[in-house]
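Here are the chains, one letter per residue:
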Amino acid sequence: MNKDYIIKERHRVAEVIKARREDLSMTQEELAQKSGMSRITINRIENCVFSPNADQLYIICKVLGINIVFVPNEGI
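From a predicted model like this one, the values you see are computed outputs, not experimental measurements.

Draft legend 1. The overall build of the chain, seen in detail. When helices and strands are counted, the chain shows four helices and zero strands. Compactness check: the chain gives a C-alpha radius of gyration of 13 Å against a globular reference of 11 Å for 76 residues, within 12% of the reference. Projected onto its principal axes, the C-alpha coordinates of the chain cover approximately 35 × 25 × 20 Å. Per-residue burial for the chain yields a buried fraction of 25% across its 76 residues. Total accessible area computed for the chain in this model is approximately 5,500 Å², and 51% of it derives from carbon and sulfur atoms.

Printed below as a string of structure tokens:
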């Protein structure tokens with residue numbers, strides 16, 4: 001798998017999380033408290049320093065009301 005593809009997808013996930021959090025007028029601290037993670041972890045995810053594992057991603061998405069949909073991608 002292409003490393004550039006992975007980096008692009010990491011940025012896409014980070015952008016969606018941050019945009020939704022901001023749409024809800026939620027601070028990183030509030031998201032951290034509601035998700036059981038630290039504010040530093042949320043900050044690192046939103047700034048693409050850290051990729052959340054599946055469990056973390058599911059929790060963040062649940063708190064933010066984001067549905068995760070898996071669609072086959074023939075281009076990978």
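Draft legend 2. Representation of helix H3 (residues 39-46) within the structure. Regarding H3, the residues found buried are Ile42, Ile45 and Glu46. Seen from one end, H3 has its buried residues packed into an arc of 95 degrees, which puts them on one side. Just beyond H3, the residue with positive phi is Cys48, at close to 60 degrees.

Draft legend 3. Just the side chain of Gln28, in detail. Relative to the assigned elements, Gln28 resides in helix H2 (residues 28-35). The residues contacting Gln28, other than those within four sequence positions of it, are Arg21, Arg39, Ile42, Asn43 and Glu46.

Draft legend 4. Expanded view of the packing of helix H1 (residues 3-23) against helix H4 (residues 54-64). Two elements in contact, H1 and H4, have axes whose closest approach is 10 Å; the angle formed by their N-to-C orientations is 30 degrees. Classified by the angle their axes make, H1 and H4 are roughly parallel. Classified by chirality, the crossing of H4 by H1 is left-handed. Two secondary-structure elements touch here, H1 through Val13, Ile17, Arg20 and Arg21 and H4 through Leu57, Ile60 and Leu64.

Draft legend 5. Inspection of the UniProt feature "domain: HTH cro/C1-type" (unreviewed entry) in the chain at higher detail. In this numbering, the UniProt entry assigns the feature "domain: HTH cro/C1-type" (unreviewed entry) to residues 17-71. Counting secondary structure, residues 17-71 comes out at 62% helix and 0% strand; the distance between its end C-alpha atoms is 19 Å.

Draft legend 6. Just the nonpolar core, in detail. Membership of the largest hydrophobic core is limited to eleven residues, which are Ile17, Met26, Leu31, Ala32, Met37, Ile42, Ile45, Ile60, Cys61, Leu64 and Ile66. Elements with a minimum of two residues in this core: H2, H3 and H4.

The rules we used
For every chain, the first residue of its written sequence is number 1, and the numbers climb from 1 along that sequence. Local features in this predicted model are restricted to residues whose pLDDT is 70 or higher, and side-chain atom pairs enter the listing and the counts only when it is 80 or higher, whereas totals over whole chains, interfaces and linings include all residues. Water and hydrogen atoms were dropped before computing side-chain values, which therefore reflect all heavy atoms in the structure. Secondary structure counts use DSSP, requiring at least four H or I residues in a row for a helix and at least two E residues in a row for a strand, with both numbered from the N terminus. Computation of the radius of gyration draws on C-alpha atoms, with the globule rule given as 2.2 Å multiplied by the number of residues to the power 0.38. Partly exposed describes any residue whose relative accessible area lies between the buried limit of under 20% and the exposed limit of over 50%, with all areas from a 1.4 Å probe on protein chains only and scaled to the type maximum. Only the protein chains shown count as cover for residues, and the accessible areas themselves come from Shrake-Rupley with a 1.4 Å probe. The arc in question is formed by the directions pointing from the helix axis toward the C-beta atoms. A contact between two residues is defined here by any heavy atoms of the two lying within 4.5 Å. Interaxial angles span 0 to 180 degrees and are taken between N-to-C directions of axes, which are lines fitted to C-alpha atoms, for helices over the stretch in contact. Note that the term roughly parallel is reserved for angles under 35 degrees, roughly antiparallel for angles over 145, roughly perpendicular for angles of 65 to 115, and oblique for everything else. Should the near helix be turned anticlockwise from the far one by less than a right angle, the crossing is termed left-handed; should it be turned clockwise, right-handed. UniProt positions are given in the numbering used here, feature names are shortened, and annotations may be inferred rather than shown by experiment. What makes a nonpolar core is a set of buried Ala, Val, Leu, Ile, Met, Phe, Trp, Tyr and Cys residues whose side-chain atoms join them at distances within 4.5 Å.

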